[in-house]
Amino acid sequence: MKDDEQQENLTREDYQRQKQAEEEKFSQRDRKRVQVEKEYARTHDENIDEETVVEPNVRNTAERKSRNLGRKLNWVIFALVVAIVIVYLILFFVK
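The rules behind each value
Going along each chain's sequence as written, the residues are numbered from 1 onward. Side-chain atom pairs in this predicted model are given and counted only at pLDDT of 80 or more, local residue features only at pLDDT of at least 70, and totals for whole chains, interfaces and linings cover all residues. To obtain the side-chain values, all non-hydrogen atoms of the structure were included, while hydrogens and water were left out. Patch membership is restricted to residues that have no salt bridge and whose relative accessible area is over 30%. Joining uses 9 Å for like charges and 5 Å for the nonpolar side chains Val, Leu, Ile, Met, Phe, Trp and Tyr. Per-residue and other accessible areas were derived by the Shrake-Rupley procedure at a 1.4 Å probe size, with only the shown protein chains allowed to occlude residues. Should a side-chain nitrogen of Lys or Arg be within 4 Å of a carboxyl oxygen of Asp or Glu, the pair is scored as a salt bridge. By the counting scheme adopted, Arg and Lys are positive, Glu and Asp are negative, and His together with the chain ends is not counted. We put the charge of a Lys on NZ, of an Arg on CZ, of an Asp on CG and of a Glu on CD. Elements are defined by DSSP. Helices are runs of H or I of four residues or more, strands are runs of E of two residues or more, and each kind is numbered from the N terminus. A 1.4 Å probe rolled over the protein chains alone gives each residue an accessible area, and that area as a share of the maximum for its type sets the label: buried under 20%, exposed over 50%, partly exposed in between.

Chemist: In this structure, what is going on with a positive patch on the surface? I would like to understand it.
Modeler: On the surface, Arg 64, Lys 65, Arg 67 and Arg 71 cluster together into a patch of positive charge. Its location among the elements puts Arg 67 in helix H3 (residues 50-93).

The following block contains the structure:
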């Protein structure tokens, strides 16, 4: 409740200063976070697992298999549609 009363009593200039201070704190925290992440990446760059190196090949293999499976499924669907049409034609012309 007290915060609400303080917010109401702020002038535009005070509010802008407050926002600017918050943004500056955020940017400082963000810069520190980025710096820590870079340092972590530098220190842990030597310990690359084989999984990360193999991953692009696995991804390409998975994409290729998925694409091939999609083609096969398309052909199966086409064959089923043709078979259904043939069955309807046989049922229509054979009495």
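Chemist: Got a minute to help me understand a nonpolar patch on the surface in this structure?
Modeler: A cluster of nonpolar side chains, Trp 75, Ile 77, Phe 78, Val 81, Val 82, Val 85, Ile 86, Leu 89, Ile 90, Phe 92, Phe 93 and Val 94, forms an exposed patch at the surface whose accessible area comes to about 1,300 Å². Judged by relative accessible area, which is 44%, Val 81 ranks as partly exposed.

Chemist: Help me understand the pattern of salt bridges in this model?
Modeler: Pairs can form between side chains of opposite charge once their charged atoms are near each other. Counted according to the given criterion, the structure contains six salt bridges. Residue Asp 14 is joined to Arg 17 by a salt bridge in which the shortest nitrogen-to-oxygen separation is 3.1 Å. Within this pair, Asp 14 and its partner Arg 17 are both found in helix H2 (residues 12-44), separated by three residues, close to a single helical turn. Measuring nitrogen to oxygen at the nearest pair gives 2.5 Å for the salt bridge that ties Arg 33 to Asp 30. Placement of the pair is Arg 33 and Asp 30 together in helix H2, with a separation of three residues, close to one helical turn. Counted as one network, the salt bridges with shared partners bring together Glu 13, Asp 14 and Arg 17.

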